[in-house]
Amino acid sequence: EVQLQASGGGLVQAGGSLTLSCAASGFTFDGYSIGWFRQAPGKDREAVSCINYRLGSTFYVDSVKGRFTISKDTPTDTVYQQMNRLKPEDTAVYYCAAAQRFVDECPRPDYASWGRGTQVTVSS
């Protein structure tokens, strides 16, 4: 069974840090692109960071460049999103997705497997 297991969401004050984790279960990330997407109430879903697992190439939305880092740990088949200097506007439900079809390193949503959303709340 193909599954994505996400963790790491929570409450944090502005300026703080969180790390989100996405682990593959029932398959391996090799050959996939993995992305972190977020959606806040009243806003469109957006790709935040993405990584081509095999090549290591990455994508970041402009608003998080310099603050967020996506990385992989091959032995554990895990992808991380380290989030530093968090801002209230980062508050959203974050989703992990993986697909073999991708654009600009980000999984195509219609071809992706999705993990459970995890809430990130940044207080001001």
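It should be noted that the structure appears before, not after, this text.
Notes on the structure follow.

Rules behind the numbers
- Residues numbered from 1 in each chain as written.
- Predicted model: local features only at pLDDT ≥ 70, side-chain atom pairs only at ≥ 80, totals over all residues.
- Heavy atoms only, no water.
- Phe/Tyr/Trp six-rings, centres within 6.5 Å; stacked < 30°, edge-to-face > 60°.
- Buried < 20%, exposed > 50% of the residue type's maximum accessible area, 1.4 Å probe, protein only.
- Lys NZ or Arg CZ within 6 Å of the ring centre and 35° of its normal.
- Pairing = 2+ DSSP bridges.
- Helix = DSSP H or I, 4+ residues; strand = E, 2+ residues; numbered from the N terminus.
- Axes fitted to C-alpha atoms, helices over the stretch in contact; angles between N-to-C directions.
- Core = buried A, V, L, I, M, F, W, Y, C linked by side-chain atoms within 4.5 Å.
- Salt bridge = Lys/Arg side-chain N within 4 Å of Asp/Glu carboxyl O.

Brief notes about the packing of aromatic side chains
- Per the stated rule, a full pass over the model turns up 5 aromatic pairs.
- Relative to F29, the ring of F27 has its centre 5.6 Å away and its plane inclined at 90°; by these criteria the two rings are edge-to-face. When sorted by exposure, F27 lands in the same class as F29, which is buried.
- By way of ring pairs, the aromatic residues F27, F29, Y32 and Y53 are connected into one cluster.
- Directly above the ring of Y53 sits K72, whose terminal nitrogen or CZ lies 4.9 Å from the centroid.
- Its guanidinium or amino end placed over the ring of Y111, R101 lies 4.8 Å from that ring's centre, counting from NZ or CZ.

Description of the sheet that holds strand β1 (residues 3-7)
- Read from one edge of the open sheet, 4 strands run β1-β3-β8-β7, paired in antiparallel fashion. In this open sheet, the two edge strands, each paired with only one partner strand, are β1 and β7 (68-73). When strand polarity is set aside, the average angle formed by the axes of neighbouring strands in this sheet is 15°.
- With 6 bridges joining them, β7 and strand β8 (residues 78-83) adopt antiparallel strand pairing. Counterpart to S71 in the pairing with β8 is Y80.

Focus: the nonpolar core
- One finds F29, I34, V79, M83 and Y94 to be the most contacted residues of the largest nonpolar core, which totals 29 residues.
- Those elements giving two or more residues to this core turn out to be β3 (18-25), β4 (33-39), β5 (46-52), β7, β8, β9 (92-99) and β13 (118-123).
- Judged by nonpolar contacts, the second largest core, of 7 residues, contains F37, A47, A97 and A99.

Quick look at the pattern of salt bridges
- Across all of its chains, the model carries 6 salt bridges by this definition.
- The closest approach of N and O atoms between R38 and E46, which form a salt bridge, is 2.8 Å.
- Given the relative accessible area of 28%, E46 is considered partly exposed.
- Residue R38 is joined to D90 by a salt bridge in which the shortest nitrogen-to-oxygen separation is 3.0 Å. Remark: D90 occurs in the loop between β8 and β9 and R38 occurs in strand β4; sequence separation between them is 52 residues.
- Residue class for R38 comes out buried when judged on its relative accessible area of 6%.

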